[in-house]
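Here is how the chains run, residue by residue.
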Amino acid sequence: MLATEYKVRKSGQLNTPDFRIHFQGGGVPISSWHDIPLYVNHERSILNMIVEIPRWSNAKYEISRSEPLNPIQQDTRNGTMRFVHNIFPFKGYIWNYGALPRTWEDPSHVFRETDTYGDNDPLDALEIGEQVGYPGQIKQVKVIGVMLLLDEGETDWKVLVIDINDPLAPKLNSTEDVRMYYKVPDGKPENKAAFAGQFKEKDYATKVIQDCNESWDRLISNSAKHEGISLSNATVADSPHKIISRYLHDHLVETSPPARVQEHIDKFSYLHKSLKESV
């Protein structure tokens, strides 16, 4: 299917724990994680990416691991809706943040270079094209590189990609190309980074994606242990978790006006001078 043939349907109230973004393909409900293919072309040079958090936005959306057909929801911590802070001069996320479908960072797999386990999620993707996306958008992207963050002892890959329709896409084929065409802002990630905080190049990233796609194959076929993950899907061949989902969305309540968010969400924070000098 073309990216434009996937549709989203929203339910619940924005900025509340009830808000969901559900996916449809071919007119029927589908799983965002399991039904949307990873690779777009036979050469595997173009991938589908699901936008969870658009650039310049603050709400921390993510694909639900546990709910049937894996809708997008806003993350919570201790019962509080999660928003990312603004770091002057940027508002919210500085890229379109999302996930690669049909990938899985296996929590039983140890990455030898860091002695850490997978984080039990699809691979994260950072899309750096100029177009601001929207939650639930399916972008077709090409891979540029990958960075590994260490999040509370877990492996947390960040795949750097760009929309194939972006004007700069033909020119960006390595992380060095990104440095040439983009000004990188000062600052350090909150989590520790492997590889001295540097991105690995496209070939390394491609291998990481292939490995996580194979992990997903084991997941969806029940060959891998999993906990708290819904494997329900509508289209995966030979899947023991395929469901008839044509009417699954009929009970959804359409979205109502957004709930108010706390005023501090729109405030800006500033990097300390000593931190910027240390970068």
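Residues numbered from 1 in each chain as written. Predicted model: local features only at pLDDT ≥ 70, side-chain atom pairs only at ≥ 80, totals over all residues. Heavy atoms only, no water.

Naming follows an unreviewed UniProt entry, where the chain appears as inorganic diphosphatase of Hyphodiscus hymeniophilus. UniProt, in its Cofactor (unreviewed entry) section for the chain, records the words "Mg(2+)". Check the Sequence similarities (unreviewed entry) section of the UniProt entry for the chain; it says "Belongs to the PPase family." (UniProt positions renumbered as here; feature names shortened; annotations may be inferred.)

*Asks:* Even after reading the chapter, I still don't get the packing of aromatic side chains, so can you show me in this structure?
*Replies:* Centre distance and the angle of the planes are the two values used to describe a pair of aromatic rings. Taken as a whole and assessed by the stated rule, the structure comprises five aromatic pairs. Taking the centre distance of 6.4 Å and the plane angle of 5° together, the rings of Trp56 and Phe90 count as stacked. Here the residue Trp56 occupies a position in the loop between strand 4 (47-53) and strand 5 (61-63), and Phe90 occupies one in the loop between strand 9 (86-87) and strand 10 (96-100), the gap between them amounting to 34 residues. Residue Trp56 is classed as partly exposed on the basis of its relative accessible area of 39%. Accessibility expressed as a relative area gives 26% for Phe90, which makes it partly exposed. With 6.1 Å between their ring centres and 50° between their planes, Trp157 and Tyr204 make a pair best called tilted. Residue Trp157 is located in strand 15 (residues 154-163), and its partner Tyr204 is located in helix 2 (residues 202-220); the two are separated by 47 residues in the primary sequence. For Trp157, a relative accessible area of 6% corresponds to the buried category. Put simply, the rings of Phe111, Trp157 and Tyr204 pair up and form one aromatic cluster. Residue placement shows Arg55 over the ring face of Trp56; its charged tip is 5.7 Å from the ring centre. (Phe/Tyr/Trp six-rings, centres within 6.5 Å; stacked < 30°, edge-to-face > 60°. Helix = DSSP H or I, 4+ residues; strand = E, 2+ residues; numbered from the N terminus. Buried < 20%, exposed > 50% of the residue type's maximum accessible area, 1.4 Å probe, protein only. Lys NZ or Arg CZ within 6 Å of the ring centre and 35° of its normal.)

*Asks:* What is the right way to look at the pairing of strand 2 (residues 20-25) in this model?
*Replies:* For strand 2, the buried fraction is high: five of the six residues fall into the buried class. Bridge count between strand 1 (residues 6-11) and strand 2: six bridges; the pairing is antiparallel. Its bridge partner lying in strand 2, Arg9 is registered against His22. Inspection of the sheet shows strand 2 paired to strand 6 (residues 72-74) by two bridges, in the antiparallel sense. The residue of strand 6 that forms the bridge with Ile21 is Ile72. Pairing of strand 2 with strand 3 (residues 28-30) involves three bridges; the strand directions are antiparallel. Looking at strand 3, one finds that Phe23 is bridged to Ile30. Here strand 2 hands over to strand 3 after two residues, with Gly26 in that stretch at a positive phi of 65°. (Pairing = 2+ DSSP bridges.)

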